[in-house]
Amino acid sequence: MEKNKNSTPSVKKNYLLSTLYEILCIITPFITAPYLARVLGADQIGVNSLVCSHQAYFLMFATLGTSAYGSREIARNRDNIFDRSKIFWEIELLSIFTSVISLVFWVFFILLRTQYRLYYIILTIGIINRMLEINWFYAGMEQFKYTVTRNAIVKITGIILIFLFVHQKEDLYLFILINAACTFLGTLSMWIPLKKFLVKVPAKELKIFPHFKETLIYFIPTIATSIYQVLDKTLIGAITHEESQNGYYEQANKIITIIKVLTFGSLNTVMGSRISYLYAKEKFDEIKDKINKSIDFVMFIGIGCCFGLYGVAKHFVPFFFGPGYDEVIPLIYILSPIVLIIGISNCLGSLYYTPVGKRMQSAIYLIIGALLNLIANIILIPNFKSQGAAIGSIIAEFIITILYFSNCKGFYTLKLFFLSIYKKILAGLIMFLYLFLINKYVIISNPLILLIQISGGSIIYILILFILKDSILLNCKNIIIQKFSKSR
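Rules used throughout
- Residues numbered from 1 in each chain as written.
- Predicted model: local features only at pLDDT ≥ 70, side-chain atom pairs only at ≥ 80, totals over all residues.
- Heavy atoms only, no water.
- Axes fitted to C-alpha atoms, helices over the stretch in contact; angles between N-to-C directions.
- Helix = DSSP H or I, 4+ residues; strand = E, 2+ residues; numbered from the N terminus.
- Parallel < 35°, antiparallel > 145°, perpendicular 65-115°, else oblique.
- Contact = heavy atoms within 4.5 Å.
- Nonpolar A, V, L, I, M, F, W, Y, C, P; charged D, E, K, R; others polar.
- Phe/Tyr/Trp six-rings, centres within 6.5 Å; stacked < 30°, edge-to-face > 60°.
- Buried < 20%, exposed > 50% of the residue type's maximum accessible area, 1.4 Å probe, protein only.
- Lys NZ or Arg CZ within 6 Å of the ring centre and 35° of its normal.
- Polar contact = N/O pair within 3.5 Å; in protein donor to acceptor, adjacent residues only side chain to side chain.
- Salt bridge = Lys/Arg side-chain N within 4 Å of Asp/Glu carboxyl O.
- Core = buried A, V, L, I, M, F, W, Y, C linked by side-chain atoms within 4.5 Å.

Undergrad: In this structure, what is going on with the packing of helix α14 (residues 328–335) against helix α17 (residues 386–406)? I would like to understand it.
TA: Relative placement of two packed helices is described by the angle separating their axes and the distance separating the axes. In contact at an axis separation of 9 Å, α14 and α17 are set at 10° when each is read in the N-to-C sense. By the angle between their axes, α14 is roughly parallel relative to α17. Only Ser386, Gln387, Ala390, Ile391, Ser393 and Ile394 of α17 make contact with α14, whose side of the interface consists of Pro330, Leu331, Ile334 and Leu335. Taken together, the residues of the contact of α14 with α17 sort by class into seven nonpolar, three polar and no charged.

Undergrad: It is not clear to me how the packing of aromatic side chains should be interpreted in this structure. Could you clarify?
TA: Aromatic ring pairs are described here by two measures, namely the spacing of the ring centres and the angle between the planes. As enumerated under the stated definition, the model contains 30 aromatic pairs in all. Ring geometry for tyrosine 116 and tyrosine 119: centres 6.1 Å apart, planes at 25°, overall stacked. By the burial criterion, tyrosine 116 is buried, and tyrosine 119 matches it. The positively charged end of lysine 288 is found above the aromatic ring belonging to phenylalanine 411, 5.5 Å away from the centroid.

Undergrad: Can you help me understand the side chain of histidine 315 in this one?
TA: Tracing the backbone through its elements, the reader meets histidine 315 in helix α13 (residues 284–321). One polar contact links histidine 315 to asparagine 439, side chain to side chain, over a distance of 3.2 Å.

Undergrad: What is the right way to read the pattern of salt bridges from this model?
TA: Between side chains of opposite charge, a pair can form when the charged atoms approach closely. Counted by the stated rule, this structure contains seven salt bridges. Aspartate 289 is paired through a salt bridge with lysine 293; the nearest N and O atoms lie 3.4 Å apart. Separated by four residues within a single helix, aspartate 289 and lysine 293 lie in helix α13, roughly one turn from each other. Aspartate 289 gets classed as partly exposed once you look at its relative accessible area, which sits at 35%. Residue classification places lysine 293 among the partly exposed residues on the basis of a relative accessible area of 49%. The closest approach of N and O atoms between aspartate 296 and lysine 424, which form a salt bridge, is 2.8 Å.

Undergrad: Looking at this model, I keep getting lost on the nonpolar core. Mind explaining?
TA: Among soluble globular proteins, nonpolar side chains are generally buried collectively. Residues Val166, Ile291, Met299, Phe321, Tyr325 and Leu348 are the most contacted members of the largest nonpolar core, which totals 101 residues. It is α13 that provides the largest number of residues to this core, a total of 18 residues. Those residues in contact with phenylalanine 321 that sit more than four places away from it in its chain are Ala33, Ala37, Arg38, Gln251, Ile255 and Val328. Counting residues in each nonpolar core, the second largest holds 15 residues, with Ile91, Phe137, Tyr146 and Phe197 among its members.

Undergrad: Just checking my understanding: could you explain the environment of leucine 435 for this structure?
TA: With respect to the helices, strands and loops of the structure, leucine 435 is situated in helix α18 (residues 414–441). With 125 residues separating them in the primary sequence, leucine 435 and tyrosine 310 have C-alpha atoms 8.6 Å apart. When neighbours within four sequence positions are excluded, leucine 435 is seen to be in contact with Phe307, Gly308, Gly311, Val312 and Gln453.

Undergrad: I'm lost on unusual backbone geometry in this one. Help?
TA: Among all residues except glycine, the phi angle is most often negative; among peptide bonds, the trans geometry is most common. Phi at tyrosine 116 takes a positive value of approximately 65°, unusual for a residue other than glycine. Relative to the helices and strands, tyrosine 116 is located in the loop between α4 (81–112) and α5 (117–122). Given the relative accessible area of 16%, tyrosine 116 is considered buried. Even without glycine at this site, lysine 469 takes up a positive phi of about 55°. Note that lysine 469 resides in the loop between α19 (447–467) and α20 (471–487).

Shown next as structure tokens:
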């Protein structure tokens, strides 16, 4: 079969596209979260968090590990149009098969529920959506312009519809419907340009179940991760019986998620596919260089955001969420370090363990962390409620990161890590001192104080790093000089 001669996708272009989309993902909660926090209230936010956590288990079983596995396989075979077409249809048919089974169990789950049944019925759209979701194919092909464009349209449409139709606590079902329907329509639109990248494959050549074992290997980490990302919310609801506790936890996690997206979301999405391709070509030195630069960037953003969250949470939470959300502040204090902890493990997982085929090894580490988190939740939630769940998450992620770090076989070293962080930590501490002094002498929270904190803190952080000649800023400086020289 003749190889497809598509040019190699540009990492810089894909990173820019993904970054623009991630910026939209960051902006979206800043537009909708304050409005929804005031309109729906902590209780309804908590209900939404609880029902979505229940749905998450069925979504996991719907597609097993086809997303991560499919992206890797497409990346490895993207130069051959027939092979990638065959792999696409095999994985997608497997996804449909497992999704149908999950959908049947979901229907039985709904029939057994009386509380929140309407919300569960609406969320059925999400199971069907997962069956047809093919972003993994475009990620493997490094064709992010398709996913970014359509997902951006979905996000903007959702924002408009929320402001048009969600006006009171009783409109929670409309909020859930808008999110589910917009996502589903976006997924359907992804099938339109698919014919550009595929050729016909005879049905007799499609072999679905050989992929089943591999997707299970990818599925195990998904289960483990869900224990401390989804089960947290389930246990908070089951143990405390307070919807508001889930609401506080959801809002704190929303802020942390925004920071995580800003820190490493688009970077790992783009680089993971590229490193899978490089690994197939055995370009190991280039892989090590990209991992080092990626973690250096993650630490630059992550350390700044971590110290920044500690400094601004006192004024940010009342301004952003409104009255009644004071309990979100200590949750942000507890969860802030998770940005750094997950930043490291996520980079190593996405840029080393997954591309090189060590997903099972990764799964073992995740299972260990998940079990520790489960035990911590059972012990801590009865006494500390949502804060107990937050502490459990920190414990789990810290253990996982240590395990990831200890076994990456020279692709990233402790020496490189300390060289990357010590200047950034010093800059972060100086920035925090500035934020702390403002908190000490300013009691009233208002947008102006928050603006002074964020803008001033950012300037101080970057200025200190520039004075210390941190590697990330030196690289940026060199790139700018090169661009300027070429333009002349």
